[in-house]
Amino acid sequence: MIPIDTALNEIIDFAQQDQCAHPIDEHPLMDALGMRLAQPIHSDVQVPPADNSAMDGYALHRADSAQTLPIVQTVAAGVVPKPLQRGGAARILTGAELPEGADVVVMQEVCDTVLNERGETCIQVKQPDEIKPRQNIRSAGQEINIGDEVLPAGIRLTATELGVAASIGLTHLPVYRPLTIGVLSTGRELVEPGEPLPPGAIYNSNRALLMGLVQQLGHKSIDFGILPDELEATMHGMQQAADQVDLLISTGGASVGDEDHVKTALEQIGQLNMWKLAIKPGKPLMFGTIERACDHPSDGSEGSVSTRLTTPFFGLPGNPSAVLVTFLTVVRPYIMARLGVDPKYGQARPLRLPVGFEVSKPKKRQEYIRARYQSPSDSHKMPGTVDGANGTVLEAHPNQSSGMLSSAHWADGLAVIPIGTTLKRGDRVDFYPFDALLS
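What comes next is a walk through the structure. Per chain, residue numbering runs from 1 following the sequence as it is written. Local features in this predicted model are restricted to residues of pLDDT 70 or higher, and side-chain atom pairs are both shown and tallied only at a pLDDT of 80 or more, whereas totals for entire chains, interfaces and linings draw on every residue. Hydrogen atoms and water are omitted, and side-chain values are computed over all heavy atoms in the structure.

Structural notes on the sheet that holds strand 9 (residues 121-125)
- With respect to topology, six strands assemble into an open sheet ordered 7-4-6-5-9-8, the strand pairing being mixed. Lying at the two open borders of the sheet, with one neighbouring strand each, are strand 7 (104-107) and strand 8 (111-115). Within the sheet, the average angular offset between the axes of one strand and its neighbour, ignoring direction, is 40°.
- Should DSSP find at least two bridges between two strands, the strands are regarded as paired. For the purposes of this entry, the term helix denotes a DSSP run of H or I that reaches at least four residues, the term strand denotes a run of E that reaches at least two, and both are numbered from the N terminus. In this sheet, strand 7 lies alongside strand 4 (residues 57-60) in antiparallel orientation, the contact comprising four bridges. Residue pairing across strands places L60 opposite V104, the latter belonging to strand 7. Helix axes are fitted only over the stretch in contact, all axes being lines through C-alpha atoms; the angle between N-to-C directions runs from 0 to 180 degrees.

With respect to the state of the cysteines
- By definition, disulfides here are pairs of cysteine sulfur atoms that lie within 2.5 Å. Under the criterion given, the structure shown has zero disulfides.
- Of all cysteine sulfurs, the one in C111 lies closest to C122, which takes part in no disulfide; the gap is 12 Å.

As for the packing of helix 4 (residues 231-242) against helix 5 (residues 262-269)
- As a packed pair, helix 4 and helix 5 sit with axes 9 Å apart at the nearest point and diverge in direction by 60°. Between helix 4 and helix 5, the crossing angle belongs to the class labelled oblique. Two packed elements cross with a definite hand, and for helix 4 against helix 5 that hand is right-handed. Seen from helix 4, the contacting residues are L231, T234, M235, M238 and Q239; seen from helix 5, they are V262, T264, A265, L266, Q268 and I269.
- When the residues that make up the contact of helix 4 with helix 5 are grouped by side-chain class, the tally is seven nonpolar, four polar and no charged. Orientation categories follow fixed angle ranges, with anything under 35 degrees roughly parallel, anything over 145 roughly antiparallel, 65 to 115 roughly perpendicular, and all other angles oblique. By convention, the crossing between two helices is left-handed when the near helix turns anticlockwise from the far helix through less than a right angle, and right-handed when the turn is clockwise. Only heavy atoms matter for contacts: two residues are in contact if any of them lie within 4.5 Å across the pair. Each residue is assigned to one of three groups, with Ala, Val, Leu, Ile, Met, Phe, Trp, Tyr, Cys and Pro labelled nonpolar, Asp, Glu, Lys and Arg labelled charged, and all others, Gly among them, labelled polar.

Considering the pattern of salt bridges
- Here, a salt bridge means any side-chain nitrogen of Lys or Arg that lies within 4 Å of a carboxyl oxygen of Asp or Glu. According to the stated counting rule, one finds 14 salt bridges in the structure shown.
- Note that D25 and R177 form a salt bridge whose closest N and O atoms lie 3.0 Å from each other. One end of the pair, D25, is in strand 1 (residues 24-28); the other, R177, is in the loop between strand 12 (172-176) and strand 13 (180-186), with 152 residues separating them in the sequence.
- You can call R177 partly exposed: its relative accessible area is 38%.
- For R372, the salt bridge is made with E395, and the minimal N-O distance between the two is 3.4 Å. Placement of the pair is R372 in strand 23 (residues 366-374) and E395 in strand 24 (residues 393-396), with a sequence separation of 23 residues.
- Summary of the burial criterion: residues with accessible area below 20% of their type's maximum are buried, those above 50% are exposed, and those between are partly exposed, where the area comes from a 1.4 Å probe applied to protein chains only. Judged by relative accessible area, R372 falls into the partly exposed class, the value being 26%.
- Under the relative-accessibility criterion, E395 is labelled partly exposed at 21%.

Things to note about the packing of helix 1 (residues 4-16) against helix 6 (residues 320-338)
- The contact between helix 1 and helix 6 brings their axes to 8 Å, and the two run at 30°. Classed by the angle they form, the pair helix 1 and helix 6 counts as roughly parallel. In the packing of helix 1 onto helix 6, the handedness of the crossing is right-handed. Where helix 1 abuts helix 6, its residues I4, L8, I11, I12, F14, A15 and Q16 lie against T329, V330, P333, Y334, A337 and R338.
- Of the residues in the contact of helix 1 with helix 6, the class split is ten nonpolar, two polar and one charged.

Considerations on the side chain of S65
- Relative to the elements of secondary structure, S65 occurs in the loop between strand 4 and strand 5 (69-75).
- By relative accessible area, which is 6% here, S65 ends up buried.
- The term polar contact refers here to a pair of N or O atoms within 3.5 Å; inside protein, the definition further demands a hydrogen-donor-capable atom paired with an acceptor-capable atom, and it admits residues adjacent in sequence only when both atoms are side-chain atoms. Of note is the side chain of S65, whose polar atom sits 2.9 Å from the backbone oxygen of R62.
- Beyond its immediate stretch of four places on either side in the chain, S65 contacts L60, V125, P128 and I131.

Regarding the nonpolar core
- The term nonpolar core refers to a set of buried residues drawn from Ala, Val, Leu, Ile, Met, Phe, Trp, Tyr and Cys, joined through side-chain atoms within 4.5 Å. Ranked by size, the top nonpolar core spans 47 residues in total, and within it I249, F314, F327, L328 and I335 carry the most contacts.
- Listing elements by their share of this core, those giving two or more residues are helix 1, strand 13, helix 3 (205-216), strand 17 (247-251), strand 21 (305-316), helix 6, strand 25 (413-417) and helix 9 (434-437).
- The element that contributes the greatest number of residues to this core is helix 6, accounting for eleven residues.
- Counting 16 residues, the second-largest nonpolar core is a separate cluster that includes I144, V150, I155 and L157.

What follows is the structure, encoded as structure tokens:
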């Protein structure tokens, strides 16, 4: 069995040396939600573009704050103000550009309005000695200066990033084109939801699970159906699917049973790079490539020539919780590396949290325990205490069977128990929340 760290290093190295660099698209800003930014974004403008007011009030010269000042203009957001001469004040609204010459904005609440002898509306600052330099002014470039990197390459674009890009005037963003990922299932016992369930059959949950995981990461999934448990049919189905996608993932048929044909099929139509990881669940995972024919443009000539390329392939176990764990811990890092995403943005970061359970016997495989947060207010649900800890602890689902997917619905994420480790209550482990693994 291959240690998970060794396997990940090999898989990521393979992804980074992929034969076909993945395309980058200039994508419309409003349609880029959830995509991965392919290049860093630098600003050609400053934000805000000019000094502006942080609140409703009066713009004036600080040196005049002890005087009675006539209101000589009103400045709203979007209005270009006139220069402010000494001895006057400008009524100014939040976000409005500061008039040239003004160096403070005084809150309207600390001013009185009066009429002078000419009948002009004036203001008097109640406590002028408390006015500080550049008070209530947002400086030009306070948020973003020209040349600043505002968005780093590799991040997944959320509404916040789209807003930042819009704030510097962008209409398009360079993004990685989503991968097209094929999904196929194996097993004569599988029946699709909605069909009658005969004796000995089970509904195919892996299809919905895997296609959902792919789409949740922002990629396109193609369903290639259920392959019969026959070698020739498995080879044919895998080959046909591999010719149409950037990555192919199967579930089931990855072990050594009489009707497990995926490994043999892969060796016939491609190359098996690794098989069997020292993890639980997910031991029989395999990784390799399937040869395919594709049109590859030849240099310096029109048309194209047929070049033999390969499609990366992951054979995942058939049990649904093993599918979930292996996708999140192995396939997802491959996808991030395939896109060239900086590990700083592509890899989930674990939390270090104490456990509310025990592991008395060291394990020969690294375990991924479906667990959830348990707050101090829930402590009555657990026997004993956790070494006096007052904070959140991790509660493990009582059934860690690889065939039990509902335990993942119950859980908040995966707690990692390294090989050879024993735990007592209160010991800390790495915990990967599902929302981090799928962001």
